[in-house]
Amino acid sequence: MSDQPSEPSEPSEPSRPPEKSEEAGTPRPPERPDPPVTSEAAKPAATPSADKPQPARARTAGARAAAGAGKPGGPWQYAAGAPGAKDDGVTARLRPAAPPLIRPAVLWSVLATAVLSALFLGDGIGVNLLIVAVPAALAAFFAARAAGRRLRPWTATWALGGLALLAIPALRDAGWPTFLAVVSALALGSLALHGSRSWLGVLVGSLGLFDSVVPGIIWGVRGIRARADGSRARWGAALRTTAVALVLLVVFGTLFASADAAFADLLGSLMPDASIGEGPWRIFLFALGLAGALAAAYAAAAPVRWDGLTVRPGKPRGRAEWALPLMVLNLLFAAFITLQLVVLLGGYEKVRAETGLDHAEYARQGFWQLLWATLLTLLVIALALRWAPRGGSRDRTLVRAVLGTLCALTLVVVASALRRMDLYVEEYGLTRLRISVAAMELWLGVVLILILAAGVFGARFLPRAIAVSAAAGVLAFGLLSPDGLIAEQNVQRFENSTSTAIDIDYVKDLSADAVPALDRLPEPERSCALRIIQNEVLHADTPWYATSWGEARAKAILEKRPVEGDGRDCYRAGRSGTRDGYQPDDDGYDPY
């Protein structure tokens, strides 16, 4: 056998030549036969040279790379020499090559996420979510770069959108837009890590981060063990350096704090307040941050290809069988819209003459039905596309014409529903439920427009475009401050004498975001509306990192001008206080 190498590729472990032969020209003993393999791609491409035996780690990595070389490629590209995937788990067929050994930068970012989670997440949410998200995003970035992944436009879009949504808790005190923003941020972060593009890929990929929790923890433990075995001296130096830095900070920080009261106040406001009694809660938050950061890093290094989940397309129907029911539905929509235009554009007297109801009752009666009609229309469009004829250009033209007409007519239904809600709000004022369903109806209109655009320009980006529109809607909803809008609209109706009284029972349960608008009310309505909010804001000992901008602004307003009286005038002001010997619940009416 010649001592010249035939190919530069790596052999499999069983066919590796002996490592004793170092001299050129020394014949090697015959190689053992290869064991059976499951695919041709797992066989070695050639035999290495006997002059330079390969290190054990390189041989193992090369064998794994050869084993995974024949697998179909996915949307993510990996650097040469990435280890192959191990087929264990439900998602093994969807998961690409196993990630490389965890890097020190990833480990430090994960540790920083865990420590910051334990320190800052125990007192509420605010800007602390952004503080914790930054090192977690860095851990994912370092892991993706180590695996050879490149930053792509859609990945950047999802990541920046998720970080922008995490700014909502830092700006708004209301809990309901904050909850929507946090959930949407998690979904966008998962999409940034997996890069899905199909319908099922986008839907499942938004939750795919949870699939990486257990593999991420295992990956992190194995990486720490592997690096600790070969670099105990460096780990010891790092621990000693950290301990010395902490001792210096504690000693000199204590001296400076005792020497200057202003510095002590500044240091006390910046440092989180963690007591021994909160130990179990802080340990849980540490573990939660650790697991979350490891899951994000693992998903960034080895994302599951959720686009591999496919649904078998429906059987194409004939043109008449498919188009006739939809044409009948289009005619029904057209008749309804024609009647709507006649009634709604005819004025309030026309509404009363036609239905016997005033315009507000008429609006309330039909809004929910129109909202359900919009949702069902989207379902009809999805099912129609599944069984649409696909024989050629004529079939495509028929599908576009029929479904395009249905989308256009549904947009008019959306406009009618929004007009009904506007009439109702004009009569009875804005509430959380009304602004929420109106925002939902508006987003459904955006979805219909995107479907129309997909019929003209193609549906390649439609799943991701709808996901972007949903995230943008949640972001805009939080930035507009729904509680602030509700208070502003009700105060304007009171100031313009549209309403003889403001519903104190309702507005007093709004969040601190409503304080700037409620502060314009005259007395005693102002004090009745702000009394509960003042007790929550002024008496709350919330640290800076868990305090929203809306809460800080309300605190400044109420400290400058606190509420007056003791609440006895609230009954005469409107809707709060004791009525005929009945004391209402302190929590008031359900805000929804």
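Here, the structure is the one placed above.
This structure is a prediction, so every number in the text was calculated from the model and none was measured. (Residues numbered from 1 in each chain as written. Predicted model: local features only at pLDDT ≥ 70, side-chain atom pairs only at ≥ 80, totals over all residues. Heavy atoms only, no water.)

Participant: Account for the overall build of the protein chain, naming residues and giving values.
Facilitator: Across its full length, the protein chain carries 23 helices and zero strands. Here the protein chain holds 592 residues, and the buried ones make up 39% of them. Counting contacts in the protein chain only where the partners sit at least 6 residues apart, residues at least 24 apart contribute 77% of the total. Put simply, the protein chain shows about 32,700 Å² of open surface, and 65% of that area lies on carbon and sulfur atoms. (Helix = DSSP H or I, 4+ residues; strand = E, 2+ residues; numbered from the N terminus. Buried < 20%, exposed > 50% of the residue type's maximum accessible area, 1.4 Å probe, protein only. Contact = heavy atoms within 4.5 Å. Areas by Shrake-Rupley, 256 points an atom, 1.4 Å probe, with all protein chains shown as cover.)

Participant: Help me get a handle on the packing of aromatic side chains, residues and values and all.
Facilitator: The way to describe two aromatic rings as a pair is by their centre distance and the angle between their planes. Following the criterion strictly, the structure yields 10 aromatic pairs and no others. Relative to Y298, the ring of W219 has its centre 5.6 Å away and its plane inclined at 65 degrees; by these criteria the two rings are edge-to-face. A residue pair is termed long-range when its members are at least 10 positions apart, and W219 in helix α8 (residues 213-230) and Y298 in helix α11 (residues 279-301) qualify at 79 residues. Judged by its relative accessible area of 11%, W219 is buried. Residue Y298 is classed as buried on the basis of its relative accessible area, which comes to 10%. Three or more aromatic residues joined by ring pairs form one cluster here, namely F120, W544 and Y545. Of note, R386 hangs over the ring of W387, and the distance from its end group to the ring centre comes to 5.6 Å. (Phe/Tyr/Trp six-rings, centres within 6.5 Å; stacked < 30°, edge-to-face > 60°. Lys NZ or Arg CZ within 6 Å of the ring centre and 35° of its normal.)

Participant: For a nonpolar patch on the surface, give the residues involved together with the corresponding values.
Facilitator: Taken together, the side chains of V244, V247, L248, V251, F252 and L255 define a hydrophobic patch exposed on the protein surface, amounting to about 530 Å² of accessible area. Within the secondary structure, V244 is located in helix α9 (residues 232-259). On the accessibility criterion, V244 (49% relative accessible area) is partly exposed. (Patch = residues over 30% accessible without salt bridge, like charges linked within 9 Å, V, L, I, M, F, W, Y side chains within 5 Å. Salt bridge = Lys/Arg side-chain N within 4 Å of Asp/Glu carboxyl O.)

Participant: Account for the pattern of salt bridges, with residues named and values stated.
Facilitator: Within this structure, the stated rule accounts for 10 salt bridges. Across the pair D422 and R419 runs a salt bridge, and its minimum N-O distance is 2.9 Å. Of this pair, D422 and R419 both sit in helix α15 (residues 393-428), three residues apart, roughly one helical turn. Taking the relative accessible area as the measure of exposure, D422 reaches 39% and is therefore partly exposed. By relative accessible area, R419 is classed as partly exposed at 36%. R526 is the partner of D519 in a salt bridge, and the nearest nitrogen-oxygen pair spans 2.7 Å. A single burial state applies to D519 and to R526, both of which are buried.

Participant: Describe helix α22 (residues 549-560), with residues and values.
Facilitator: Helix length check: α22 (12 residues) gives 17 Å between terminal C-alpha atoms against 16 Å at 1.5 Å per residue, within 8%. For α22, every residue scored as buried is listed here: G550, E551, A554 and L558. In an axial view of α22, the angular spread of the buried residues amounts to 95 degrees, which keeps them on one side of the axis. The outward face of α22, more than 90 degrees from its buried face, is lined by the exposed residues E559 and K560. Residues of α22 that are buried make contact with α5 (168-171), α20 (515-518) and α21 (525-538). (Expected span 1.5 Å × (residues − 1). Arc of directions from axis to C-beta.)

Participant: Break down the environment of L558 for me, citing the residues and quoting the values.
Facilitator: Mapped onto the secondary structure, L558 falls in helix α22. The sequence separation of L558 and L530 amounts to 28 residues, and the corresponding C-alpha distance is 8.6 Å. The residues contacting L558, other than those within four sequence positions of it, are V515, R526, L530, I533, Q534 and L538.

Participant: Report on unusual backbone geometry, specifying residues and quantitative values.
Facilitator: Cis geometry marks the peptide bond from E523 to P524; its omega dihedral reads 5 degrees. Within the secondary structure layout, P524 lies in the loop between α20 and α21. Its identity as a non-glycine residue notwithstanding, S481 has a phi of 60 degrees, on the positive side. Inspection of the secondary structure puts S481 in the loop between α17 (462-479) and α18 (482-495). Accessibility expressed as a relative area gives 6% for S481, which makes it buried.

Participant: An account of the packing of helix α16 (residues 432-457) against α17 is requested, with residue identities and associated values reported.
Facilitator: Running from N to C, α16 and α17 point in directions that differ by 155 degrees, and their axes come no closer than 10 Å. The angle between the axes of α16 and α17 places the two elements in the roughly antiparallel class. The element α16 and its partner α17 pack so that their crossing is right-handed. Residue-level inspection shows I435, S436, A439, W443, V446, V447, L450, I451 and A454 of α16 in contact with α17, the latter providing L462, A465, I466, S469, A470 and F477. (Axes fitted to C-alpha atoms, helices over the stretch in contact; angles between N-to-C directions. Parallel < 35°, antiparallel > 145°, perpendicular 65-115°, else oblique. Left-handed = near helix turned anticlockwise from the far one by under 90°.)

Participant: Go over the side chain of T431 with me, naming the residues and quoting the values.
Facilitator: Locating T431 in the fold gives a position in the loop between α15 and α16. Those residues in contact with T431 that lie beyond four places of it in its chain are I486 and Y506.

Participant: For the packing of α21 against α22, give the residues involved together with the corresponding values.
Facilitator: Two elements in contact, α21 and α22, have axes separated by 10 Å at closest approach and are oriented at 120 degrees. What the angle tells us is that α21 and α22 run oblique. Crossing of α21 over α22 shows left-handed handedness. When α21 is examined against α22, the residues R526, L530, I533, Q534, V537 and L538 are found in contact with a partner set consisting of E551, A554, K555, L558 and E559. Split by residue class, the contact of α21 with α22 holds six nonpolar, one polar and four charged. (Nonpolar A, V, L, I, M, F, W, Y, C, P; charged D, E, K, R; others polar.)

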